[in-house]
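The lines below spell out each chain.
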Amino acid sequence: MAKNKTTETQQSVTDFINAVENDAKRNDAFELVKIMQEATGFEPKMWGPSIIGFGSYHYKYDSGHEGDAPLAAFSPRKAATTVYFYLPEENREELLSKLGKHKSSKACIYINKLTDIDIEILKKIILLSIEFTQKLYPQK
């Protein structure tokens, strides 16, 4: 079984964000830390070299692959800030349509600037994503 690349590390979240070159992305990253910490109640931790995660859960797929992952997470990447989420299909389109200017894939929201989106909708997405994940992977 392959080892997971994205695991929790002891790297400093503040040091990581301070190394983000773009001032606006760096400021947005610090703001997202506040938003996610408030929404989740968890302290930020680095996952791998570039993901900031909040809380964690253990998953096990039918294939037997298992590991740990953050309940909520984001990464201030060069092209866009990536927010990771896991929503039930019935909530997905409605919430994403209300979020504001963004792009999305199956499990990611790509945001250029926080001012482009509705922060309250983002908080709803984060909380629903955590709730959905915890139902899929109940912890013992």
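Figured I'd write up the structure that's included with this text. (Residues numbered from 1 in each chain as written. Predicted model: local features only at pLDDT ≥ 70, side-chain atom pairs only at ≥ 80, totals over all residues. Heavy atoms only, no water.)

Attention now moves to the packing of aromatic side chains. For the coordinates displayed, the defined rule picks out five aromatic pairs. A centroid spacing of 6.2 Å and a plane angle of 55° characterise the contact between Tyr57 and Tyr59, whose relative ring orientation is tilted. Classification of Tyr57 as buried rests on a relative accessible area of 12%. Note on Tyr59: relative accessible area 9%, which makes it buried. Judged by centre distance (6.4 Å) and plane angle (70°), the ring pair of Tyr59 and Tyr137 falls under edge-to-face. Remark: Tyr137 occurs in the segment after helix H4 (119-136) and Tyr59 occurs in strand S3 (residues 57-60); sequence separation between them is 78 residues. Exposure class is identical for Tyr59 and Tyr137. Each is buried. (Phe/Tyr/Trp six-rings, centres within 6.5 Å; stacked < 30°, edge-to-face > 60°. Buried < 20%, exposed > 50% of the residue type's maximum accessible area, 1.4 Å probe, protein only. Helix = DSSP H or I, 4+ residues; strand = E, 2+ residues; numbered from the N terminus.)

The strand order across the open sheet formed by six strands is S1-S2-S5-S6-S8-S7, and the pairing between neighbours is antiparallel. Here the strands that pair on one side only, and so sit at the sheet edges, are strand S1 (44-47) and strand S7 (103-104). The pairing of strand S5 (residues 72-76) with strand S6 (residues 81-84) spans four bridges and is classified as antiparallel. Bridging from a neighbouring strand, Ser75 pairs with Thr82 of S6. (Pairing = 2+ DSSP bridges.)

Read these as spatial facts, not as claims about activity.
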